[in-house]
Amino acid sequence: MDRKKIILLLLLPFFFCPRPGFAEDLAIGVEDGWIWQVAVLPPPGGWETESGISALGAVRYAEWKVKDSPDGVAGRDIRFLKEPPLSEENAEERVTRWRENGVAAVLSLGGADDVSLLRPLLGRSGPVFLSAYGEGSGITEGGVPLPMMFALDLYRDFRIVAFAEYAKRSLDRRNGVAILGDRFDPSLERFARNLGDMLSSSGLSVTHFWLAGAGPDSFRMIEDEAISDGVSVLVSWAGSMVVRDIWRAVRRKEGAFRIWYGGEPGRILLSFNGVLAADQEVPLERDRSFVTLGREIWRRTRAVVRDASAAGRAYAACGWIFEGFRRAGSPEPELLAKAMESAADFALGSFPLTVNPATHRPFAREVAILEVKDRAFRPIDFFTVTGPGYLP
């Protein structure tokens, strides 16, 4: 008998006899209790984008580290299940399937859409939901976080604390501050009022101006009164279009104030030199530990990390979930959620994190103060801020 026939005969059992595959191994591991599962939702552009490839590489690297360690996480392996994008049409069915399959947690690498779709479906009954972002996403109800909802970012009202801190660092007490808010928007009204209280307690003179709904077509009266009051800064909690109109009106006036924008820094602001904004993403983009993380991801998974921030966020979110599993010792959503709200000993890049049980977000993050100059956001200061929690 020639050599090829001998090899074929030896291989016949391999081809025709049933053998367990990955799905069967996973099912056995879940049933036996030595594998705990986490569903992972993709970034907005999908898994094939630079963000998707980078973030998934970080998740697979975190998964490998647990599998390679002698103790795993609470003696178990963790499997991250790569999921297709969520939609309004399939969200309810997906939650039902996760529950039927024993999924303990859902990690979202996407934006606010995942939060808004899943919040009413699993906010109180699980699986546990963790957003690797979440600055603009509400995970509370009546100021109290929903039991199963968590986010890696501080909520957008962190800018209240950031501006109060930067004012203490940069303004003389003789300088006045004007705050522009909107009484018809509860959030913007609250942001303006809370910032005014913080600045006043620091000894600064504060003047409040209020927009009526969408705001007047002309801000001339506000501009003139602020200048006549001698304010050095106007903090705007109104939209970027309001900032545009005020900036254009006052930039050449004698005694003009500087403008601090209370929203997320966007490209529309790049035409307005001198405008300041606060941001919690820029410190991540400058974190050199993400370079090392990217190399390790490539070495273990062969995924090329071109979006270091996305990879770093995903890896930190995995660390938070692992810490929750360790503390809970169980994949049961109620126990896991309780453990995750007091988690510590994990990090976002080089910044150590501890979770605030009152917000289900980190206690603190590093933020940057950015100034628009020559059509770019230039960092001018960095410091750590504590999330304000619930401010009435």
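Presented here is a report on the structure given in the accompanying data block. (Residues numbered from 1 in each chain as written. Predicted model: local features only at pLDDT ≥ 70, side-chain atom pairs only at ≥ 80, totals over all residues. Heavy atoms only, no water.)

**Concerning helix α12 (residues 308-328)**
Argument step 1. With 21 residues, α12 should cover 30 Å at 1.5 Å per step; its first-to-last C-alpha distance of 30 Å lies within 8% of that length.
Argument step 2. Counted residue by residue, α12 has 16 buried out of 21 residues, so it is predominantly covered.
Argument step 3. In the segment just after α12, Gly 329 is the residue with positive phi, at about 65°. (Helix = DSSP H or I, 4+ residues; strand = E, 2+ residues; numbered from the N terminus. Expected span 1.5 Å × (residues − 1). Buried < 20%, exposed > 50% of the residue type's maximum accessible area, 1.4 Å probe, protein only.)

**Focus: the sheet that holds strand β2 (residues 77-82)**
Argument step 1. Taken in spatial order, the 5 strands of this open sheet run β2-β1-β3-β4-β7, and their pairing is parallel. Of all the strands in the sheet, the pair left with one neighbour each is β2 and β7 (149-151). On average, each strand axis in the sheet is inclined to that of its neighbour by 25°, with strand direction left out of account.
Argument step 2. Where helix α5 (residues 112-122) meets the sheet, its contacts fall on β1 (35-41), β3 (103-108), β4 (128-131) and β7, and the angle it forms with β4 comes to roughly 165°. (Pairing = 2+ DSSP bridges. Axes fitted to C-alpha atoms, helices over the stretch in contact; angles between N-to-C directions. Contact = heavy atoms within 4.5 Å.)

**Concerning the environment of Ala 339**
Argument step 1. Structurally, Ala 339 can be placed in helix α13 (residues 333-340).
Argument step 2. As a C-alpha pair, Ala 339 and Gly 329 span 10 residues in sequence and 9.1 Å in three-dimensional space.

**Comments concerning the pattern of salt bridges**
Pairing between side chains of opposite charge can happen when the charged atoms of each approach one another.
Argument step 1. In this structure the tally under the stated criterion is 22 salt bridges.
Argument step 2. Put simply, Lys 338 and Glu 341 hold a salt bridge, and the shortest N to O gap is 3.2 Å.
Argument step 3. Residue classification places Glu 341 among the buried residues on the basis of a relative accessible area of 16%.
Argument step 4. Each of Glu 83, Glu 93, Arg 94 and Arg 97 takes part in one network of salt bridges that share partners. (Salt bridge = Lys/Arg side-chain N within 4 Å of Asp/Glu carboxyl O.)

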